[in-house]
Amino acid sequence: MNETLRYAALVLFCSAVGLAAVLANRLTERVKIPVPLLVLVGAALAVHALPGVQAPSELAVERVMTIALVLVLFDGGMHIGPSRFRAAAAPILSVGVVGTALTAAGAALIVHYVCGIGWFPAVLVATAVAPTDPAVVFSVLGKREIRGRSSTILEGESGANDPVGIALMSSLIAAGGLSAAGFASVGTQFVAQMVIGLAVGVLGGRALLVFMRRVALPSEGLYALRTLASCLMLYGIATLAHGSGYLAVFVAGIVIGDARAPYKPEIKRFHAALAGLAEIVAFAVLGLTVDLTVLARPDVWLPGLVLGAALTVLIRPLAVGACLLPVRLQRTERVFVLLAGLKGAVPILLGEFLRAAHIADAERLYGIVVVVVIFSVLVQGSSVPGLARLLRLPVRTVQTRPWQIGVRLADEPEGVHRFGVAPGSAAQGCTVQGLGDRVGDIWVSIVVRATGLVPVRGDTELRAGDEVVVLADPELHDTLADLFGAA
């Protein structure tokens with residue numbers, strides 16, 4: 001077989017795997033196993049069973065995972081946006097930063113005293129398994145979405161603790177051990193990375209927003225490519241400045257999340273698709289690094305199961321629960337946040353850092369991290385839908401809407417407001433005429449319901465879940481937001 005045919009066979013294989021991963025989303029709605037885990041296991045089995053499939057180099061894994069995480073974090077930041085972030089900023093920051101550190105400390109105690117591993121490798125393993133991945137939680141929930149602040153806290157926590165975990169691991173490996181001087185070095189590097197990453201994210205996000213709004217491009221397709229290039233540029237700038245590039249792109253995503261800009265819906269859809277692809281690629285690449293013979297060793301899977309169980313029922317509830325004590329949350333939402341902190345790609349990536357740094361007994365430590373992730377997704381993840389039902393959390397079914405109507409305008413429209421009717425809001429049960437009587441001079445132009453478009457008349461009654469487009473003076477935005485928001 002010549003090189004052209006060999007390359008064509010590789011393209012065919014990769015495209016078939018990608019298509020299978022996309023279609024597997026239908027399967028996960030029934031079996032409640034997230035697609036990323038299926039991809040991870042499939043890749044690990046392929047390396048073990050197929051002679052032609054080889055594990056990538058450590059450098060290749062790091063480079064692929066870097067781009068994948070940048071895309072995932074940027075999209076996650078845009079999905080949260082500044083309004084949702086402000087509503088849950090305190091718990092996000094406390095859980096994402098302090099909670100991650102406390103989780104790592106508690107896990108280190110378990111790894112050292114229960115699993116019998118030395119202090120420095122125990123701290124490294126604990127740091128690796130501390131970050132969470134909300135995408136896994138939302139994957140097992142399928143088309144159901146948790147209302148309230150719990151979902152925002154889980155999303156924001158992951159966006160914060162992924163950069164925190166990566167920065168801590170890099171600093172610990174650079175320190176080379178546990179000592180007073182080492183802790184001082186770790187603390188200094190960590191604070192510097194967080195501060196620089198935050199500054200680049202805020203300033204870069206604002207600059208990107210101005211760029212998006214003021215600089216027109218000749219083609220619609222270029223707008224999404226511009227944000228992609230800018231996102232990668234912010235990562236590079238922050239990293240070259242010795243900051244956290246991951247935190248920078250996450251913060252930049254938050255800054256532009258709710259802002260209006262030309263072709264913004266197309267840009268968000270583009271990045272959401274990229275993030276989904278990046279997550280599949282990340283788990284596939286990480287799966288190729290997993291050695292099943294190492295996972296089968298009792299000194300790997302047994303400590304991994306012990307640590308996974310301890311994180312689920314003891315360490316995370318105590319660490320995150322302490323951070324959430326001053327936060328006003330409903331009891332059911334609090335319990336869900338404590339028990340739904342699932343692990344994902346970042347812990348395995350941090351485990352790969354151990355191998356790349358040639359830490360003593362790195363293969364065993366990496367295997368323990370992988371077992372913890374598999375335990376979290378299989379055991380903890382499969383219980384998430386039942387936990388949501390048991391706690392009677394407000395859940396709504398997300399309906400896919402493949403058809404869209406709209407108009408294109410040369411200039412930004414003024415006074416156009418789009419709201420969703422929240423359950424229990426003042427707008428729920430109100431007629432279009434009654435809404436005008438409350439607010440004043442407004443025009444309800446479009447009402448979209450789960451069943452489709454609703455004819456707009458004076459006696460049209462608004463229901464929870466409706467999406468409403470209102471033409472009104474821009475100064476009435478806050479008044480309208482209060483009417484449509486939850487009571």
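The rules we used
- All residue numbers here refer to positions counted from 1 along the written sequence of the relevant chain.
- The model is predicted, so local features are restricted to residues of pLDDT at least 70 and side-chain atom pairs to those at 80 or more, both for listing and for counting; the totals for chains, interfaces and linings are taken over all residues.
- Only hydrogens and water are set aside; all other atoms, that is, all heavy atoms of the structure, feed into the side-chain values.
- The rule for a salt bridge is simple: a side-chain nitrogen of Lys or Arg has to be within 4 Å of a carboxyl oxygen of Asp or Glu.
- The rule is simple: take the accessible area with a 1.4 Å probe, protein chains only, and divide by the maximum for that residue type; under 20% is buried, over 50% is exposed, in between is partly exposed.
- Secondary structure elements are taken from DSSP: a helix is a run of H or I of four residues or more, a strand is a run of E of two residues or more, and numbering for both begins at the N terminus.
- Residues belong to one nonpolar core when they are buried, are Ala, Val, Leu, Ile, Met, Phe, Trp, Tyr or Cys, and are joined through side-chain atoms within 4.5 Å.
- Two residues form a contact once any of their heavy atoms are found within 4.5 Å.
- Strands are treated as partners if at least two bridges between them are detected by DSSP.
- Orientation is described by axes fitted as lines to C-alpha atoms, over the contacting stretch for helices, and by angles from 0 to 180 degrees between their N-to-C directions.
- Crossings are sorted by hand: turned counterclockwise from the far helix by less than a right angle, the near helix makes the crossing left-handed, and turned clockwise it makes it right-handed.
- Note that Gly is not counted as nonpolar here; it falls among the polar residues with everything else outside the nonpolar set of Ala, Val, Leu, Ile, Met, Phe, Trp, Tyr, Cys and Pro and the charged set of Asp, Glu, Lys and Arg.
- A 3.5 Å cut-off defines polar contacts: any pair of N or O atoms within that distance qualifies, except that in protein one atom must be a possible hydrogen donor and the other a possible acceptor, and neighbouring residues in sequence count only when both atoms are side-chain atoms.
- Only the six-membered ring of Trp is used, alongside the rings of Phe and Tyr, when aromatic pairs are assigned; centres must lie within 6.5 Å, and planes under 30 degrees apart are stacked while those over 60 apart are edge-to-face, with the rest tilted.
- To sit over a ring, a charge needs its Lys NZ or Arg CZ within 6 Å of the ring centre and within 35 degrees of the ring normal.
- The residues that make up patches have over 30% relative accessible area and no salt bridge, and they are joined within 9 Å when like-charged or within 5 Å when they are Val, Leu, Ile, Met, Phe, Trp or Tyr.
- What sets the accessible areas is the Shrake-Rupley method with a 1.4 Å probe; for residues, cover comes only from the shown protein chains.
- Should an angle lie under 35 degrees it is considered roughly parallel, over 145 roughly antiparallel, and from 65 to 115 roughly perpendicular; all remaining angles are considered oblique.

Student: What is the right way to look at the pattern of salt bridges in this model?
Tutor: When their charged atoms lie close together, side chains carrying opposite charge are able to pair. Evaluation of the coordinates by the stated rule reveals 11 salt bridges. Asp 361 is the salt-bridge partner of Arg 364, the closest N and O atoms lying 3.8 Å from each other. Residue classification places Asp 361 among the partly exposed residues on the basis of a relative accessible area of 43%. One salt bridge connects Arg 449 with Asp 466, and the closest N-O pair in it is separated by 2.8 Å. Pair noted here: Arg 449 is in strand β4 (residues 442-449) and Asp 466 is in the loop between β5 (452-453) and β6 (467-472), with a separation of 17 residues, a long-range link. Assigned by exposure class, Arg 449 and Asp 466 land together as buried.

Student: For this particular structure, what's the right way to read the nonpolar core?
Tutor: Generally speaking, soluble globular proteins have nonpolar side chains that are buried together. Ranked by size, the top nonpolar core spans 94 residues in total, and within it Met 65, Phe 74 and Leu 307 carry the most contacts. Per-element tally for this core: the top contributor is helix α3 (residues 58-87), with 10 residues. With residues near it in sequence (within four places) discarded, Phe 74 still touches Leu 208, Cys 231, Val 249, Ala 252, Gly 253, Ile 256 and His 271. Counting residues in each nonpolar core, the second largest holds 21 residues, with Val 95, Leu 329, Leu 338 and Ala 388 among its members.

Student: Sorry if this is basic, but what is going on with the pairing of strand β3 (residues 416-420) here?
Tutor: On a regular strand, each side chain points to the face opposite its neighbour's, so the side chains alternate between the two faces of the sheet. The alternating pattern of β3 places His 417 and Phe 419 on a buried face and Val 416, Arg 418 and Gly 420 on a face that is not buried. Alignment of β3 against β6, held across five bridges, turns out to be antiparallel. Looking across to β6, one finds that His 417 is bridged to Val 470.

Student: Help me understand the packing of α3 against helix α10 (residues 245-257), please; the structure alone is not making it clear to me.
Tutor: Relative placement of two packed helices is described by the angle separating their axes and the distance separating the axes. Here α3 crosses α10 at 35°, and the two axes come no closer than 6 Å. Like other packed secondary-structure pairs, α3 and α10 cross with a definite hand, here right-handed. On α10, the residues touching Thr 66, Leu 69, Val 70, Leu 73, Phe 74, Gly 76, Gly 77, Met 78, Ile 80, Gly 81, Pro 82 and Phe 85 of α3 are Tyr 246, Val 249, Phe 250, Ala 252, Gly 253, Ile 254, Val 255, Ile 256 and Gly 257. Here the residues of the contact of α3 with α10 are counted per class, giving 15 nonpolar, six polar and no charged.

Student: Before we go on, may I ask you to explain the sheet that holds β6 in this structure?
Tutor: Taken in spatial order, the four strands make up an open sheet running β3-β6-β4-β5, and their pairing is antiparallel. Edge positions in the sheet fall to β3 and β5, since each of these pairs with one other strand and no more. Pairing of β4 with β6 involves six bridges; the strand directions are antiparallel. Considered in β6, the bridge of Val 447 is made with Val 468. Packing of helix α19 (residues 477-484) onto the sheet brings it into contact with β3 and β6, and relative to β3 it is tilted by some 15°.

Student: Explanation requested: the side chain of Thr 152 in the structure shown.
Tutor: Relative to the assigned elements, Thr 152 resides in helix α7 (residues 149-175). Residues contacting Thr 152, with those up to four places away along its chain left out, are Arg 84, Ala 88 and Ile 92.

Student: Is there a simple way to think about the pairing of β4 in this case?
Tutor: Two elements, β4 and β5, share two bridges in a ladder whose sense is antiparallel. Of the residues in β5, the one forming a bridge with Val 448 is Leu 453.

Student: I would appreciate a short explanation of the side chain of Arg 316 in the present structure.
Tutor: Tracing the backbone shows Arg 316 in helix α13 (residues 298-323). Polar side-chain contacts of Arg 316 include one of 2.9 Å to the backbone oxygen of Val 337. With near-sequence residues (within four places) excluded, Arg 316 lies in contact with Thr 132, Leu 154, Glu 157, Leu 311, Gly 321, Val 337, Leu 338 and Gly 341.

Student: It is not clear to me how the packing of aromatic side chains should be interpreted in this structure. Could you clarify?
Tutor: Working definition: an aromatic ring pair is given by the centre-to-centre distance plus the angle between the planes. Applying the stated criterion across every chain yields a total of four aromatic pairs. Ring plane angle 45° and centroid distance 4.6 Å describe the contact between Tyr 223 and Tyr 263, whose orientation is recorded as tilted. One end of the pair, Tyr 223, is in helix α9 (residues 220-240); the other, Tyr 263, is in the loop between α10 and α11 (264-288), with 40 residues separating them in the sequence. Ring geometry for Phe 419 against Phe 484: centres 5.0 Å apart, planes inclined by 5°, an arrangement best described as stacked. Of this pair, Phe 419 sits in strand β3 while Phe 484 is found in helix α19, placing the two residues 65 residues apart along the sequence. Residue classification places Phe 419 among the buried residues on the basis of a relative accessible area of 10%. One Lys or Arg, Arg 226, reaches over the ring of Phe 211 and ends 4.7 Å from the middle of that ring. When the ring centre of Tyr 366 is taken as reference, the NZ or CZ atom of Arg 355 above it lies at 4.3 Å.

Student: Which parts of the structure should I look at to understand the environment of Phe 283?
Tutor: Looking at the secondary structure, you find Phe 283 in helix α11. Phe 283 gets classed as buried once you look at its relative accessible area, which sits at 3%. Here Phe 283 is in contact with Pro 36, Val 39, Leu 40, Gly 344 and Ala 345, once residues within four sequence places are set aside.

Student: Just to check I follow, could you spell out a nonpolar patch on the surface for this structure?
Tutor: Residues Leu 109, Tyr 113, Val 114, Trp 119, Leu 178, Phe 183, Trp 301, Leu 302, Leu 305 and Val 306 make up a contiguous nonpolar surface patch of roughly 950 Å² in combined accessible area. Elements represented by at least two residues in the nonpolar patch include exactly α4 (89-114) and α13. As for its placement among the helices and strands, Leu 178 is situated in the loop between α7 and α8 (180-214).

Student: I'm lost on the environment of Gly 420 in this one. Help?
Tutor: By secondary structure assignment, the location of Gly 420 is in strand β3. Residues Gly 420 and Glu 467 lie 47 residues apart in sequence; the distance between their C-alpha atoms is 4.5 Å. When residues no more than four places from it in sequence are discounted, the contact partners of Gly 420 are Asp 466, Glu 467 and Phe 484.

Student: Teacher, can you tell me more about the packing of α7 against helix α14 (residues 331-339) here?
Tutor: One way to put it is that α7 packs onto α14 with a least axis distance of 9 Å and a crossing angle of 25°. What the angle tells us is that α7 and α14 run roughly parallel. Once α7 is placed against α14, the crossing between them reads as right-handed. Every residue of α14 that contacts α7 at Arg 149, Ser 150, Ile 153 and Leu 154 is listed here: Glu 333, Phe 336 and Val 337. In terms of residue class, the contact of α7 with α14 is built from four nonpolar, one polar and two charged.

Student: Just to check I follow, could you spell out the environment of Leu 208 for this structure?
Tutor: Relative to the helices and strands, Leu 208 is located in helix α8. Exposure remark for Leu 208: the relative accessible area of 3% places this residue in the buried category. Spatially, the C-alpha atom of Leu 208 lies 13 Å from that of Lys 264, the residues being 56 residues apart in sequence. For Leu 208, the contacting residues outside a window of four places in its chain are Phe 74, Ser 230 and Ile 256.

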